[in-house]
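Breakdown of the fold
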Amino acid sequence: MINRTVLVGRLTKDSDLRYTSGGTAVATFNLAVDRSFTNRDGEREADFIRCVIWRKAAENFANFTHKGSLVGIDGHIQTRNYENQQGQRVYVTEIIADNFALLEPKQDKPDPYNQQNVDDGGVNGPQTDDGQQIDIQDDDLPF
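Keep in mind it's a predicted model, so treat the numbers as computed, not measured.

Reading guide: rules and limits
- Residues numbered from 1 in each chain as written.
- Predicted model: local features only at pLDDT ≥ 70, side-chain atom pairs only at ≥ 80, totals over all residues.
- Heavy atoms only, no water.
- Helix = DSSP H or I, 4+ residues; strand = E, 2+ residues; numbered from the N terminus.
- Contact = heavy atoms within 4.5 Å.
- Areas by Shrake-Rupley, 256 points an atom, 1.4 Å probe, with all protein chains shown as cover.
- Core = buried A, V, L, I, M, F, W, Y, C linked by side-chain atoms within 4.5 Å.
- Buried < 20%, exposed > 50% of the residue type's maximum accessible area, 1.4 Å probe, protein only.
- Polar contact = N/O pair within 3.5 Å; in protein donor to acceptor, adjacent residues only side chain to side chain.

1. Thoughts on the overall build of the chain
Each helix and strand in the chain was counted, giving 1 helix and 6 strands. When its helices and strands are written in sequence order, the chain yields β-β-β-β-α-β-β. Across the chain, every contact between residues at least 6 apart in sequence was considered, and the portion connecting residues at least 24 apart equals 54%. With the model as given, the accessible surface of the chain reaches about 11100 Å², and the carbon-plus-sulfur share is 47%.

2. Looking at the nonpolar core
Counting residues in hydrophobic clusters, the biggest one holds 15 residues, and the most contacted among them are L7, F29, L31, I53, F61 and I73. Among the elements of the structure, β1 (5–11), β3 (25–38), β4 (44–54), α1 (55–64), β5 (70–83) and β6 (89–102) are those that each provide at least two residues to this core. Ranked by the residues each element gives to this core, the list is headed by β3, at 5 residues. Not counting residues within four places of it along the chain, the set of residues in contact with I73 comprises T5, V6, L7, F29, L31, F61, I95, A97, N99 and F100.

3. Topic: the side chain of T65
Tracing the chain through its elements places T65 in the loop between α1 and β5. At 2.5 Å, the side chain of T65 forms a polar contact with the backbone oxygen of F61. Aside from chain neighbours lying at most four places away, what touches T65 is L11, S15, V71 and L102.

Here it is, written out as structure tokens:
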């Protein structure tokens with residue numbers, strides 16, 4: 001039997017990291033996954049999918065993601081049920097994430113591809129103290 005799920009979407013809010021009584025980390029989160037088609041109004045709808053991740057991966061996920069983060073999830077579908085406080089049977093379908101991937105760069109770091117106001121450490125050639133480029137010809141090199 002095959003039960004594999006791969007999702008790419010954005011977190012609807014920060015993940016909820018908790019620990020079991022045995023000390024095992026578990027994080028739950030909802031992922032907004034855009035549908036591949038538009039509705040009759042030309043708008044793209046999304047599915048909101050409940051996901052669970054366990055152990056060290058749960059701690060890493062909670063530490064490195066936040067509301068709006070674009071993530072990839074690899075896991076499997078699981079169904080379960082329980083009886084709520086009103087005595088009703090509740091059925092839950094969720095994705096158990098085995099692996100995840102961060103799909104966009106961390107936002108508090110400068111963009112390494114944006115060369116404006118970035119000290120490149122001389123990668124783009126030597127500069128004078130006032131930032132002027134120094135022209136060095138191949139004949140000027142000692143080797």
